[in-house]
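The residues making up each chain are set out below.
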Amino acid sequence: MRISRRALAALFLPAPVLAQASPRVVVVGGGFGGASAARALHRAGIATTLVEANAIYTACPFSNAVLAGLRPMEAQRFGYDALRAEGISTIHQRAVGVDAAARRVTLADGSLLPFDRLLLSPGIEIRFDALPGYDEAAVEAMPHAWQAGAQTMLLRSQLEAMPDGGTVVMVVPPNPYRCPPGPYERASLIAHYLKTTKPRSKLLVLDAKDVFSKQRLFEAAWAALYPGLLEYVPLAMGGRVTEVDARARRVTTDFGTQDGAVVNVIPPQRAGAIAQLAGAVDRSGWCPVDPASFESRLVPGVHVIGDAIIAGAMPKSAFAANAQARVAAAAMVALLAGRPVQAPKLLNTCYSLVAPGYGISVAGVYQPTNGLLTDVPGAGGTSPLNAPEPVRQAEALYAEDWYKTITADAFG
Ligand SMILES: Cc1cc2nc3c(=O)[nH]c(=O)nc-3n(C[C@H](O)[C@H](O)[C@H](O)COP(=O)(O)OP(=O)(O)OC[C@H]3O[C@@H](n4cnc5c(N)ncnc54)[C@H](O)[C@@H]3O)c2cc1C
């Protein structure tokens, strides 16, 4: 048998160099960011292992329609069979540690996964230290429903059980948080539910800020569709909630207290715990990254995408997480091959439903500038303020199509 000179040389190469010839990437978090990134890396020929705590992913986009009884919960659930069928090694365990220097991830059962580069897309965790009274136990009486699944169903059942004439209170946090227009879409669809099933009821939205995404569009729609039913209280009018009493279903603002038959608290958030364990989180609670490669500014060799990062002007959305996944995957492939990383342009569009068949949207294009993702001037914008009904209907259909496309891209 003849052995080539190259094969002989390879036998004597030190292990790390051999590892570089067949690089391994571990992805932690199989949501919109992580699942999309794992597929992009695998397609680029990188040996990819996806670590995801749950066997079934429950998607947040459109979960506000589930709350309003407009959509079944089944439409939100996705498995990982398609990723496995493609050859992506998918492990359903929680990652509990990252040793960036030794390049390995520790799983809940104690096993170790070595990597050449690591990508984290762990989403958010709720900050139970940020709003007095809102601790782990409070989520049962005052669901946040900001991580879709059991919390969504709990809030739905509370809304269904509420007698006609009750007051629903929504508590909206200051920036930054997952899905900037999400609370206002939720307010719209809860208002629709009340209007159509419990018309003597009221929705009070208490907001810790004065300015929000697609504000003029939402406010125009509320005035037209839900007058007298939906009351919005911004920061300047005393909307900031300073304390909650879960047992009494009571919230306190700078101006007094308010009881609710149903209270939905959307609390402050931070990057998922594994990002903190990896050392990738700064004092803000989020992960600073290089905006071209999404490599952590704090931990070399570890990339972070999605809701967990400080993304400058780019919002925390599923659309954004998916766009960042492609860019981060391409950058990781380049870095593993010793090639330079290309400066990207990233797109985001967020659709919101204000009623069935009534959609609005905001779009933006982003590029790295001075170490952050900034708006590309002149690109993007919102739906027109005074649009005829067919335009709103078309946007509601685009939203559905977007959901089908992005979930197919992430989960197959
Ligand atoms: C009500 C609502 C409506 C929304 N609507 C829209 C919309 O219309 N359009 C839009 O673009 N976005 C929307 N979003 C935002 C969108 O859901 C998030 O921005 C998106 O899910 C972020 O993706 P991600 O990958 O960063 O995190 P996630 O999708 O949350 O995925 C994180 C995954 O990581 C896993 N994980 C975390 N830690 C570990 C660990 N240690 N080990 C293993 N696995 C782990 C979790 O189980 C989870 O599956 C909405 C959000 C909400 C709450």
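In the block above lies the structure referred to throughout.
None of these values were measured; they are calculated from a predicted model.

Criteria and cut-off values
Residues numbered from 1 in each chain as written. Predicted model: local features only at pLDDT ≥ 70, side-chain atom pairs only at ≥ 80, totals over all residues. Heavy atoms only, no water. Helix = DSSP H or I, 4+ residues; strand = E, 2+ residues; numbered from the N terminus. Buried < 20%, exposed > 50% of the residue type's maximum accessible area, 1.4 Å probe, protein only. Contact = heavy atoms within 4.5 Å. Lys, Arg positive; Asp, Glu negative; His and termini not counted. Charge placed at Lys NZ, Arg CZ, Asp CG, Glu CD. Expected span 1.5 Å × (residues − 1). Phe/Tyr/Trp six-rings, centres within 6.5 Å; stacked < 30°, edge-to-face > 60°. Lys NZ or Arg CZ within 6 Å of the ring centre and 35° of its normal. 1 Å grid on protein atoms, 1.4 Å probe; cavity = no way out; pocket = protein on both sides within 12 Å on 5 of 7 lines; lining within 4 Å. Points joined across faces, edges and corners; volume = space filled by probe spheres on them. Nonpolar A, V, L, I, M, F, W, Y, C, P; charged D, E, K, R; others polar. Near = heavy atom within 4 Å. Polar contact = N/O pair within 3.5 Å; in protein donor to acceptor, adjacent residues only side chain to side chain. Areas by Shrake-Rupley, 256 points an atom, 1.4 Å probe, with all protein chains shown as cover. Pairing = 2+ DSSP bridges.

J.: What is the right way to read the overall build of the protein chain from this model?
T.: Within the protein chain one finds 12 helices and 25 strands. Projecting the C-alpha coordinates of the protein chain onto the three principal axes gives extents of approximately 85 × 45 × 40 Å. Buried residues in the protein chain amount to 53% of all 412 residues. Sequence separation of at least 24 residues holds for 64% of the intrachain contacts in the protein chain that already meet a minimum separation of 6. Charged side chains in the protein chain number 37 positive and 33 negative. The centres of these two groups are separated by 7 Å.

J.: Would you explain helix 11 (residues 318-336) in this entry?
T.: An α-helical turn contains 3.6 residues, so any two residues separated by three or four positions project in the same direction. Between its first and last C-alpha, helix 11 extends 26 Å over 19 residues, near the 27 Å set by a 1.5 Å rise per residue. Among the 19 residues in helix 11, 16 count as buried, and that is most of the element. At the C-terminal side of helix 11, Gly338 shows a positive phi close to 75°.

J.: Help me out: how do you make sense of the environment of Pro183 in this one?
T.: By secondary structure assignment, the location of Pro183 is in helix 8 (residues 182-197). Placed 84 residues apart in sequence, Pro183 and Pro267 show a C-alpha to C-alpha distance of 11 Å. If we skip the residues at most four places from it in the chain, Pro183 touches Trp146, Met170, Val172, Tyr177 and Ile266.

J.: Mind showing me how you'd approach the packing of aromatic side chains here?
T.: Given two aromatic rings, their pairing is described by the distance between the two centres and the angle made by the two planes. Inspection of every chain in the model, using the stated rule, returns 17 aromatic pairs. When the centroid spacing of 6.4 Å and the interplanar angle of 70° are considered together, the rings of Tyr184 and Tyr232 count as edge-to-face. In this pair, Tyr184 sits in helix 8 while Tyr232 sits in strand 13 (residues 230-233), placing the two residues 48 residues apart along the sequence. Through a chain of ring-to-ring contacts, the aromatic side chains of Phe32, Tyr57, Phe62, Phe78, Tyr80, Tyr403 and Phe411 assemble into a single cluster. Cation over ring: Arg71 sits above Tyr403, and NZ or CZ is 4.9 Å from the ring centre.

J.: What's the story with the layout of surface pockets in this structure? I'm lost.
T.: Where empty space is left in the structure can be found by rolling a water-sized probe over the atoms. Taken as a whole, the second largest pocket encloses approximately 490 Å³ of empty space. Looking at the lining of the second largest pocket, the elements with two or more residues in it are strand 21 (309-310), strand 22 (346-355) and strand 23 (358-369). Ranked by the residues each element gives to the lining of the second largest pocket, the list is headed by strand 23, at 4 residues. In the lining of the second largest pocket, the residues fall into 18 nonpolar, 5 polar and 3 charged.

J.: For this particular structure, what's the right way to read the environment of Ala208?
T.: In this fold, Ala208 is placed in the loop between strand 12 (202-207) and helix 9 (215-225). Between the C-alpha atom of Ala208 and that of Ser296, which follows or precedes it by 88 residues, the distance is 30 Å. Leave out the neighbours within four places in its chain, and Ala208 touches Val172, Pro173, Pro174, Leu235, Gly239 and Arg240.

J.: It is not clear to me how the site of the ligand should be interpreted in this structure. Could you clarify?
T.: Taken together, 35 residues lie around the ligand, and Glu52, Tyr57, Ser121, Arg178 and Asp307 are the ones closest in. Contact distances for the ligand include 2.7 Å between an oxygen atom and a side-chain N or O atom of Asp307. Protein contacts shield 94% of the accessible area of the ligand, which totals 1,000 Å² for the unbound molecule. Breaking the shell around the ligand down by element, the ones donating at least two residues are helix 3 (32-43), helix 4 (63-67) and helix 11.

J.: What exactly am I supposed to notice about empty space enclosed by the protein here?
T.: All chains considered together, the criterion is met by 1 cavity of 30 Å³ or more. For the largest cavity, the calculated volume is near 40 Å³. Residue lining of the largest cavity: Val289, Pro291, Phe294, Ile310, Ala311, Gly371, Leu372 and Leu373, and that is the complete set.

J.: Is there a simple way to explain the pairing of strand 17 (residues 262-265) in this structure?
T.: Two faces make up the sheet, and in a regular strand the side chains alternate between them. Side chains of strand 17 alternate between two faces, with Val262 and Asn264 and Val263 and Val265 buried alike. In this structure, strand 11 (residues 167-172) lies alongside strand 17, joined through 4 bridges in parallel fashion. Counterpart to Met170 in the pairing with strand 17 is Asn264.

On their own, these measurements won't tell you what the molecule is for.
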